[in-house]
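The lines below spell out each chain.
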Amino acid sequence: MSTMIRPALTLLALMTLITGVAYPLAVTGIAQVAFPAQANGSLIHDADGKVRGSALIAQDFSGDNWFHPRPSAGAYATVASGASNLAPSNPALATRVIEDAQKQQVAGQGPVPLALLTTSASGLDPHLPPAAIAYQLARVAAARNLPVSTLQQLLDKHIEQPLVGPPVVNVLELNLALQNL
């Protein structure tokens, strides 16, 4: 029996060291050298160097003087990230969408873009299509007493073209730039 247990325990210890210690340390070291910003959370700093968030996680902005992100099923908490799993036939989903549409409605702008009413799969997507940001320009301009053209220029500077997919705007980065106007 000991001829079977000793090799099994040795193999278990060896594999634990390789897969539980050596491999994670190697991957972490390579990531820190090759992609330090991403390996440390893609953090966004303000002009004073204070961390304001991550470029990968949405934050809630309320009030007419900020651009609003898409809604989050998990209240923008990373621990509870995920979709609400409400079916299209669920009355709770319809009620939430109607309430959000009423909150987001901007007079004279037409219907609220779908991106401002639907959650992402993770509930933490920090990006919106440029059209969803453009929909909010008049509201933010009125609240900040700025010309819409100034905000349009700010929006144009923050449009990103990912490798795959349509153009997007990171709402946190846009709001930080808005704060510095």
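The rules behind each value
Residues numbered from 1 in each chain as written. Predicted model: local features only at pLDDT ≥ 70, side-chain atom pairs only at ≥ 80, totals over all residues. Heavy atoms only, no water. UniProt positions renumbered as here; feature names shortened; annotations may be inferred. Pairing = 2+ DSSP bridges. Helix = DSSP H or I, 4+ residues; strand = E, 2+ residues; numbered from the N terminus. Contact = heavy atoms within 4.5 Å. Axes fitted to C-alpha atoms, helices over the stretch in contact; angles between N-to-C directions. Expected span 1.5 Å × (residues − 1). Bend = angle between axes of the 7 residues up to and from the residue. Buried < 20%, exposed > 50% of the residue type's maximum accessible area, 1.4 Å probe, protein only.

The name given to the protein chain in an unreviewed UniProt entry is Potassium-transporting ATPase KdpC subunit, with the source organism recorded as Pseudomonas triticicola. According to UniProt, the comment filed for the protein chain under the heading Subcellular location (unreviewed entry) is "Cell membrane". UniProt, in the comment section headed Subunit (unreviewed entry), describes the protein chain in these words: "The system is composed of three essential subunits: KdpA, KdpB and KdpC."

(A) Highlighting the pairing of strand β2 (residues 51–54). Across three bridges, the pairing between strand β1 (residues 43–45) and β2 is antiparallel. Bridging across to β2, Ile 44 finds its partner in Gly 53.

(B) Representation of the sheet that holds strand β3 (residues 127–128) within the structure. Pairing is antiparallel in the open sheet, where three strands are placed in the order β3-β5-β4. Each of the sheet's edge strands pairs with one partner strand only, and the pair in question is β3 and β4 (159–160). Across the face of the sheet, helix α6 (residues 171–179) comes into contact with β3, β4 and β5 (168–170) while running at roughly 60° to β5.

(C) Helix α4 (residues 130–144), seen in detail. The terminal C-alpha atoms of α4 lie 20 Å apart, and with 15 residues this matches the ideal 21 Å at 1.5 Å per residue to within 8%. Its axis deflected by about 40° at Leu 137, α4 carries its strongest bend there. Regarding α4, the residues found buried are Pro 130, Ala 132, Ile 133, Tyr 135, Gln 136, Leu 137, Arg 139, Val 140 and Ala 141. On the buried face of α4, the contacting elements are α3 (91–104), β3, α5 (148–157), β4, β5 and α6. Among the residues trailing α4, Asn 145 stands out with phi positive, at a value near 60°.

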